[in-house]
Amino acid sequence: MARGGRIPINGIGMFLNTKGVYTVTLYPVEEGSTELAPSDDNPIGVAWTPGCQNIRWCKGKRRNINTGPRLTLTSTKDAGIYTIQRRNRKKRGWFVQIEVIVASCPEGQWLTNDVCKNRLKQYPCMNGGVEKDAEETCTCPPFFAGYDCEDRVNDPPEPFALGAGTDSGLFCGDLDGGSTKCRGYLYCPGNLFGCKCFPGWFGNNCDKPCPKGKWGIECSLTCPKNNMHCNRFDGSDTPV
């Protein structure tokens, strides 16, 4: 899978629909523990499709660590990049990669001077943002800013910039065959955010628009009940 937010990913992942979840962030159950806290993202896996019974999971040189569409992780040592291969003589090859990032502190805490401390604000990042590991702020997706990504940037200079923020100097539309709406590209600001499809898109190739009523990173956010046709990129009242 392409990484770094600067490379188109068209052509990868032709078999299973991962809903754009290329990076999964997990947290230790408590400071200093190697046990992972329960999470909606654990077990990690892929959506069911015919052939799921013929896949295998690998990590580095470790082969066949699991079969089937789901893999349950239990330790902070399970961080890393997992590849999934279809075991089929006619269609071999790696077709899904999932990066698992484990935070230094339990969820709701941040690392400062090698000590985990409670965040001053105890509610999670908003609008698809992800808490930073060693800063008491959030990594925000395009279109949003602020301590908790609570502020919608109504007229950002370039919301479809590749890389960390809008100052990377490289935009989706600049690349050969690129799209001004970043269809087919990953947004990779790093830290615990990792890499995800740009807001408004999902799928193995980040080329499927959000279905009705969904918007944002991985199309994981829900439009207001009074406006199920909200903007799939920023959730505003202006549909796209």
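In this report, we go over the structure that sits alongside the text. (Residues numbered from 1 in each chain as written. Predicted model: local features only at pLDDT ≥ 70, side-chain atom pairs only at ≥ 80, totals over all residues. Heavy atoms only, no water.)

1. Quick look at the pattern of salt bridges
- Overall, the coordinates contain two salt bridges when judged by the stated rule.
- Where Arg119 meets Glu131, a salt bridge forms, and the shortest distance between an N and an O atom there is 3.3 Å. In this pair, Arg119 sits in the loop between strand E9 (115-118) and strand E10 (130-131) while Glu131 sits in strand E10, placing the two residues twelve residues apart along the sequence.
- A relative accessible area of 6% means that Arg119 is categorised as buried.
- Residue classification places Glu131 among the buried residues on the basis of a relative accessible area of 12%.
- As a salt-bridge pair, Lys132 and Glu135 come within 3.7 Å of each other at their nearest N and O atoms. (Salt bridge = Lys/Arg side-chain N within 4 Å of Asp/Glu carboxyl O. Helix = DSSP H or I, 4+ residues; strand = E, 2+ residues; numbered from the N terminus. Buried < 20%, exposed > 50% of the residue type's maximum accessible area, 1.4 Å probe, protein only.)

2. Structural notes on the environment of Ala145
- Take Ala145: it is sitting in strand E12 (residues 144-145).
- Relative accessible area serves as the criterion here: at 32%, Ala145 is assigned to the partly exposed category.
- Sequence-distant contacts of Ala145, defined by excluding residues within four places in its chain, comprise Cys140, Glu150, Asp151 and Val153. (Contact = heavy atoms within 4.5 Å.)

3. Here's the deal with the pairing of strand E14 (residues 186-190)
- Most of E14 is tucked away: four of the five residues are buried.
- Bridge analysis of E14 against strand E15 (residues 194-197) gives three bridges, and the strand direction is antiparallel. Looking across to E15, one finds that Leu186 is bridged to Cys197.
- Taking the residues that link successive antiparallel strands as the turn, the E14-E15 hairpin has three residues, and the phi of Asn191 there is positive, at about 50 degrees. (Pairing = 2+ DSSP bridges.)

4. A short note on the nonpolar core
- Counting residues in hydrophobic clusters, the biggest one holds 23 residues, and the most contacted among them are Phe144, Cys149, Leu192, Phe193, Phe198 and Trp215.
- In terms of nonpolar packing, the next biggest core, distinct from the first, is built from 13 residues, Leu36, Ile44, Trp57 and Val102 among them. (Core = buried A, V, L, I, M, F, W, Y, C linked by side-chain atoms within 4.5 Å.)

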